[in-house]
Amino acid sequence: MTMFNQIEEKIHGGGRLTAEEGVFLFRAEIDLHRLGRLADRVRREKNGDAVCYNLNAHLNPTNICLYRCPLCAYSCNADDEKAFLMTDDEILARGREAAENGCTELHIVGGVHPDKPFQWYRDLLVRLHEDFPRILLKAWTAVEISRFVHLTGRSVENILCELMDAGLCCLPGGGAEIFAPEVRRQICPAKADAETWLDVHRTAHRLGLKTNATMLFGHVETAEHRIDHLIRLRELQDETGGFQTFIPLAFHPDGTELSHLRRPTGLEDLRTMAVSRLMLDNFPHVKAYWISLGVPTAQIALGFGADDLDGTVRHERIHHDAGSTAPEILTVGQLEALIREAGRTPVERDTLYRSVRRDGLQWSVS
Ligand code: V47
Ligand code: SF4
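All of these numbers come straight from a predicted model, not from anything done at the bench.

**Student:** Help me understand the site of ligand 2, please; the structure alone is not making it clear to me.
**Tutor:** Neighbouring residues of ligand 2: Cys65, Tyr67, Arg68, Cys69, Leu71, Cys72, Ser75, Gly110, Gly111 and Lys191. The pocket occupied by ligand 2, as judged from atoms lying within 2 Å of grid points, is the largest cavity. Tallied by class, residues from the shell around ligand 2 come to 5 nonpolar, 3 polar and 2 charged.

See the structure below:
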């Protein structure tokens, strides 16, 4: 029996893939359609026909960043002509716009500003939460949380508790990149390391705060690095159960210090989606982020393990600055049509994966 046959039998029997099997599935000669069918079967067992999506908006309060990761085209220094720092009024105007458009979520991340104290990040949540209490705030990556720990000398737990009191609902999955230190040294040498990222999420889960996880693929990493990354996430999920969804992010090189690299191809995107679904047997959802994959690949990814399509998305800058040619926004009608055309049933969800029911401008969750 070939190794692929053995893997299929294992998956059909509910078994868990080893690192060696995961690396094998990344080999170029593996039949992508066969791999996709396997991931699609696992997806169907977990989520049936449903594909969830949400109505959200991004808020990136500043692009000034202390870390200046080589992978990033978005960040800059304070004296750069493209530098911006939003005022309180501009931030609240974004909240108002999101509310007027029926958004249930604000996704808030940005540069790690060299001068802004923890209080600035906290107060921003307080103001948005006070003015727009129905919009759930998915805010600050583990990288930002570790910066707050450094700034205040307080513990991760203490910082997260204060942010939860301020209105934080969930941590986004950014900053994970690839955990292996030899890769981080090349793509993001200055920011939080793998252990710090995992510890922030572990602590969040212990406090009852749900989080997401990402993996940035298609730059200098190998299949072994990707599998190591996925297994470290799987182990933490075994321990805590606090991850909601996994998002594979395709690297966009334009405008970064790594602009000599090429963007991963559509086939690499789909292979990574399928292997992620198969390796992360304890993650409820796998997300196709159309801003990163592009709309056509994100739609096809719904047949390669993804069951979560993020989102209506307005005002995204991080991937667009790095050359993403995806639109700025998709309407609910467009998202639902993409899902239906893929033969699946669209279900609106909120940040915590509760179903959303709408009646005119009002909505309720269950
Ligand atoms: O951590 C930065 C990535 C991430 C580039 O939690 C780049 O639901 C590609 O994490 N090419 C931020 N990617 C985005 C993110 C995210 C997105 C959607 C949903 C969720 C969620 C989280 O963007 C960063 C980094 O990995 N990124 N630069 C680039 N040049
Ligand atoms: Fe800063 Fe994040 Fe860009 Fe790194 S990826 S430079 S931490 S904004």
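There's more to say after this.
**Student:** Explanation requested: the site of ligand 1 in the structure shown.
**Tutor:** Around ligand 1, a shell composed of 23 residues is seen, among which Lys138, Gly173, Gly175, Glu177 and Lys287 lie nearest. A distance of 2.7 Å separates an oxygen atom of ligand 1 from a polar atom in the backbone of Gly175. In this structure, an oxygen atom belonging to ligand 1 sits 2.4 Å away from a side-chain N or O atom of Glu177. Calculation on ligand 1 without its partners gives an accessible area of 610 Å², and the protein chains cover 96% of this total. Counting atoms within 2 Å of the grid points, the majority share of ligand 1 lands in the largest cavity. Of all the elements in the fold, those that place two or more residues in the shell around ligand 1 are strand 6 (210-217), strand 7 (243-250), strand 8 (285-289) and helix 14 (318-321).

**Student:** Sorry if this is basic, but what is going on with the sheet that holds strand 3 (residues 105-108) here?
**Tutor:** With parallel pairing, the 10 strands of this open sheet are ordered in space as 2-3-4-5-6-7-8-9-1-10. Each edge of the sheet is formed by a strand with only one pairing partner; in this case those strands are strand 2 (56-59) and strand 10 (345-348). Sheet twist, expressed as the average angle between the axes of neighbouring strands with direction ignored, equals 30 degrees. Sheet topology places strand 8 next to strand 9 (residues 308-310); 3 bridges connect them, and they run parallel. Each bridged residue has a counterpart across the sheet, and for Lys287 the counterpart in strand 9 is Asp308.

**Student:** I keep staring at the environment of Thr345 and nothing clicks. Help me out?
**Tutor:** Position of Thr345 among the secondary structure elements: in strand 10. Accessibility expressed as a relative area gives 40% for Thr345, which makes it partly exposed. Considering only alpha carbons, one finds Thr345 and Ala166, 179 residues apart in sequence, at a separation of 35 Å. Residues in contact with Thr345, not counting those within four places in the same chain, are Asp49, Ala50, Val51 and Ile339.

**Student:** Honestly, the pattern of salt bridges in this entry has me stumped. Any pointers?
**Tutor:** Close approach of charged atoms allows side chains of opposite charge to pair. For the structure shown, the criterion picks out 29 salt bridges. Of the charged contacts in the structure, one is a salt bridge between Glu221 and Arg226, with a shortest N-O distance of 2.7 Å. Judged by its relative accessible area of 9%, Glu221 is buried. Residue Arg226 is classed as buried on the basis of its relative accessible area, which comes to 9%. By sharing partners, the salt bridges in this structure join Arg122, Asp123, Arg154 and Glu162 into a single network.

**Student:** Even after reading the chapter, I still don't get the side chain of Glu162, so can you show me in this structure?
**Tutor:** Examined against the element boundaries, Glu162 turns out to sit in helix 7 (residues 156-166). At 2.5 Å, the side chain of Glu162 forms a polar contact with the side chain of Arg154. Ignoring any residue separated from it by four or fewer positions in sequence, one finds Glu162 in contact with Phe118, Gln119, Arg122 and Arg154.

**Student:** I would appreciate a short explanation of the nonpolar core in the present structure.
**Tutor:** Looking at soluble globular proteins, one finds that nonpolar side chains tend to be buried together. Within the largest apolar cluster, 112 residues are counted, with the highest numbers of intra-cluster contacts made by Ile108, Leu128, Trp140, Ile145, Leu233 and Trp290. When sequence neighbours within four positions are dropped, the list of residues in contact with Leu233 reads Phe179, Trp197, Leu198, Ala213, Thr214, Phe243, Phe246, Leu280 and Phe283.

**Student:** Quick question: what am I supposed to make of the packing of aromatic side chains here?
**Tutor:** Each aromatic ring pair is specified by the distance between its two centres and by the angle formed by the two planes. This model, assessed by the stated rule, comprises 10 aromatic pairs. Consider the rings of Phe179 and Trp197, whose centres lie 5.5 Å apart with planes at 55 degrees: the pair is tilted. Here Phe179 is found in the loop between strand 5 (168-171) and helix 8 (181-187), whereas its partner Trp197 is found in helix 9 (residues 194-206), with 18 residues between them in sequence. Take Trp197: its relative accessible area is 0%, and that puts it in the buried class. Here the aromatic rings of Trp197 and Phe243 are separated by 6.2 Å at their centres, their planes lie at 20 degrees, and the arrangement is stacked. Of this pair, Trp197 sits in helix 9 while Phe243 sits in strand 7, and the two are 46 residues apart along the sequence. For Phe243, a relative accessible area of 2% corresponds to the buried category. In this structure an aromatic cluster arises from ring pairing among Phe118, Trp120, Tyr121, Trp140 and Phe148.

**Student:** Can you walk me through empty space enclosed by the protein in this structure?
**Tutor:** Space left empty within the atom packing is revealed by a probe, the size of a water molecule, rolled over the atoms. Under the counting rule described, the total for this entry stands at 2 cavities of 30 Å³ or more. Size it by volume and the largest cavity reaches roughly 690 Å³. Taken together, 40 residues line the largest cavity, and the ones lying closest to its centre are Gly174, Gly175, Glu177, Ile318 and His319. Contributing elements (two or more residues each) for the lining of the largest cavity: helix 6 (142-152), strand 6, strand 7, strand 8 and helix 14. Per-class residue counts for the lining of the largest cavity are 19 nonpolar, 13 polar and 8 charged. Roughly 40 Å³ of internal volume is contained in the second largest cavity. Lining the second largest cavity are Trp290, Val295, Ala298, Gln299, Leu302, Leu309, Leu330, Leu335 and Leu338. Residues belonging to the lining of the second largest cavity are distributed by class as follows: 8 nonpolar, 1 polar and no charged.

Cut-offs and rules
Residues numbered from 1 in each chain as written. Chains lettered and ligands numbered in written order. Predicted model: local features only at pLDDT ≥ 70, side-chain atom pairs only at ≥ 80, totals over all residues. Heavy atoms only, no water. Near = heavy atom within 4 Å. 1 Å grid on protein atoms, 1.4 Å probe; cavity = no way out; pocket = protein on both sides within 12 Å on 5 of 7 lines; lining within 4 Å. Sits in = over half its atoms within 2 Å of the grid points. Nonpolar A, V, L, I, M, F, W, Y, C, P; charged D, E, K, R; others polar. Polar contact = N/O pair within 3.5 Å; in protein donor to acceptor, adjacent residues only side chain to side chain. Areas by Shrake-Rupley, 256 points an atom, 1.4 Å probe, with all protein chains shown as cover. Helix = DSSP H or I, 4+ residues; strand = E, 2+ residues; numbered from the N terminus. Pairing = 2+ DSSP bridges. Axes fitted to C-alpha atoms, helices over the stretch in contact; angles between N-to-C directions. Buried < 20%, exposed > 50% of the residue type's maximum accessible area, 1.4 Å probe, protein only. Contact = heavy atoms within 4.5 Å. Salt bridge = Lys/Arg side-chain N within 4 Å of Asp/Glu carboxyl O. Core = buried A, V, L, I, M, F, W, Y, C linked by side-chain atoms within 4.5 Å. Phe/Tyr/Trp six-rings, centres within 6.5 Å; stacked < 30°, edge-to-face > 60°. Points joined across faces, edges and corners; volume = space filled by probe spheres on them.

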